[in-house]
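# A look at the structure
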Amino acid sequence: MPQPRQDVSCADKYSTRAKKPEEPDKDLRPFAQKARDWVRHHVYFVLVGLNAYFIYAFCYSIVWGRISKKHKGAAIAILCIYGTLNFMMYVYWLAILLWGPGGIGSQYASNSIDGDAAFQCNMQGYSIYCSYCKHLKPNRTHHSAFTDTCVPAMDHFCPWVGYLIGQGNIKFFLQFCWSTGFTLVFVIIVLLIYQHNQIPNINNNAIVLYILSGLAILFAGSLASQHFIYVVMGHTTLELMSAKRGDSQYVNFLWRDGHRRVMQLNRMDIFVYDQSPFSQGIWNNIREIMGPFYTWPLPIREPIYEPQFNKAFIEKLRERQDKIEEQALNELKDDCDISG
Ligand SMILES: [Zn+2]
């Protein structure tokens, strides 16, 4: 019979994490660290400042101040397109903040895995317990000090939007990066067309806009591409970093004899440029985060689920366990032969 997942009270004694204090501790961090953390959590001021400069330099100075003098209709169309793209960027940013990275609510917690499923565990094979939130951690869940909750598929803290990215808002983060990239590409296209007849009288604002747009496209484009690949392959930034560090991870799974075994994962189980152990296939991975194709541009969140190990990965663990059991059996036979 498969062993059930351990209940909260029993798992508590296996937890090595510190208990959540009843009274908040005094902040004892050095001043330099406090200042660094403050800056890290407020980098979005730079983004808002840059956006204000783009509105002044591009919309007001170039499009309205120059292009509209000769081509009023084109200038209005450019402002409408830029305004829409810029507005959507703020809609996605707001969605990141309002929806948040997700938490382990009652709906999520009740979506428990069945008796046959594999789950992440500690060295002894018990489910991992969060001493801060006082509950078991479903697969791929990490506790965040920033939100003070357990976050499903926690990805990273983004200083540019000033918030934590997890399963609940990774879609909006991608939308935010893409809309930013599209806005900047549009700016460059308009500038190129406009500048075509203006050389050598190039506007100073245009030079600054070229440089800022180029750099930002490289940054936002690489960020969006990198995280979209992670979504496609079923990875998170945090899991890849953890695997790169060589952190120990264990999986409790059902072996062929109907009993459970605990297997330590090696680095290459996760840190590979292939699909993750939780990947359910490329299209399923995309759909779970982005939703149906027609909702990709919309700030609608897909339901949060408890990720399951894919069947191929569990089979890989079972084959590895086969070899371990076979080796143990052979050693036992050798011992019997020697003693006999
Ligand atoms: Zn927690």
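None of these values were measured; they are calculated from a predicted model. (Residues numbered from 1 in each chain as written. Predicted model: local features only at pLDDT ≥ 70, side-chain atom pairs only at ≥ 80, totals over all residues. Heavy atoms only, no water.)

With that settled, the discussion passes to the coordination of the zinc ion. Where a metal carries four tetrahedral donors, each ideal angle is 109.5 degrees; where it carries six octahedral donors, the ideal angles are 90 or 180 degrees. Here the zinc ion is held by Cys 130 (SG), Cys 133 (SG), His 143 (ND1) and Cys 150 (SG), and the distances to it run 2.1 to 2.3 Å. Around the zinc ion sit 4 donor atoms; with metal-centred angles ranging over 98 to 126°, the donor geometry is tetrahedral. Donor residues for the zinc ion, ordered by position in the chain, follow C-x2-C-x9-H-x6-C. Linking Cys 130 in strand S2 (residues 129–130) with His 143 in strand S4 (residues 141–144), this pair joins segments that are 13 residues apart in sequence. Neither residue differs from the other here; Cys 130 and His 143 are each classed as buried. (Donors = N, O, S within 2.8 Å, 3.2 Å for Na, K, Ca; no water. Tetrahedral: all angles 85-135°; square planar, octahedral: opposite > 155°, others 65-115°. Helix = DSSP H or I, 4+ residues; strand = E, 2+ residues; numbered from the N terminus. Buried < 20%, exposed > 50% of the residue type's maximum accessible area, 1.4 Å probe, protein only.)

Moving on: a negative patch on the surface. Residues Glu 331, Asp 334, Asp 335 and Asp 337 make up a contiguous surface patch of negative charge. Mapped onto the elements of the fold, Asp 337 is located in helix H11 (residues 311–339). Classification of Asp 337 as exposed rests on a relative accessible area of 58%. (Patch = residues over 30% accessible without salt bridge, like charges linked within 9 Å, V, L, I, M, F, W, Y side chains within 5 Å. Areas by Shrake-Rupley, 256 points an atom, 1.4 Å probe, with all protein chains shown as cover. Salt bridge = Lys/Arg side-chain N within 4 Å of Asp/Glu carboxyl O. Lys, Arg positive; Asp, Glu negative; His and termini not counted. Charge placed at Lys NZ, Arg CZ, Asp CG, Glu CD.)

A complete count under the given rule lists 7 salt bridges for this structure. With a closest N to O distance of 2.7 Å, Arg 140 and Glu 239 form a salt bridge. On the criterion of sequence distance, the pair formed by Arg 140 in the loop between strand S3 (135–136) and S4 and Glu 239 in helix H8 (residues 237–245) is long-range, its members being 99 residues apart. Asp 247 serves as the salt-bridge partner of Arg 245, at 2.8 Å between the closest nitrogen and oxygen. The exposure class of Arg 245 is exposed, given its relative accessible area of 54%. The exposure class assigned to Asp 247 is partly exposed, which follows from its relative accessible area of 33%.

With that settled, the discussion passes to the UniProt feature "transmembrane region" (unreviewed entry) in the chain. The UniProt feature table records "transmembrane region" (unreviewed entry) at residues 43–63, 75–99, 172–194 and 206–233. In residues 43–63, the share of helix is 95% and the share of strand is 0%. The end C-alpha atoms are 29 Å apart. Helix makes up 100% of residues 206–233 and strand 0%, whereas the separation of the span's terminal C-alpha atoms amounts to 39 Å. (UniProt positions renumbered as here; feature names shortened; annotations may be inferred.)

Taken in spatial order, the 3 strands make up an open sheet running S1-S8-S9, and their pairing is antiparallel. Each edge of the sheet is formed by a strand with only one pairing partner; in this case those strands are strand S1 (119–121) and strand S9 (260–264). Strand-to-strand twist in this sheet, taken as the mean axis angle between neighbours without regard to direction, amounts to 35°. Direction of pairing for strand S8 (residues 250–254) relative to S9: antiparallel, over a ladder of 5 bridges. When the sheet's bridge partners are listed, Val 251 is paired in S9 with Met 263. (Pairing = 2+ DSSP bridges. Axes fitted to C-alpha atoms, helices over the stretch in contact; angles between N-to-C directions.)

Further remarks concern a nonpolar patch on the surface. Taken together, the side chains of Tyr 56, Tyr 60, Trp 64 and Ile 76 make up a nonpolar region of the molecular surface, amounting to roughly 460 Å² of accessible area. Broken down by element, the residue count for the nonpolar patch peaks at 3 residues, all from helix H3 (residues 44–70). Positionally, Tyr 60 belongs in helix H3. Since its relative accessible area comes to 55%, Tyr 60 is described here as exposed.

Bringing the packing of helix H7 (residues 204–233) against helix H10 (residues 282–290) into the picture now. In contact at an axis separation of 7 Å, H7 and H10 are set at 115° when each is read in the N-to-C sense. Across the interface between the two elements, Phe 228, Val 231, Val 232 and Met 233 of H7 pack against Ile 282, Asn 285, Ile 286 and Ile 289 of H10. Classifying every residue of the contact of H7 with H10 gives 7 nonpolar, 1 polar and no charged. (Contact = heavy atoms within 4.5 Å. Nonpolar A, V, L, I, M, F, W, Y, C, P; charged D, E, K, R; others polar.)

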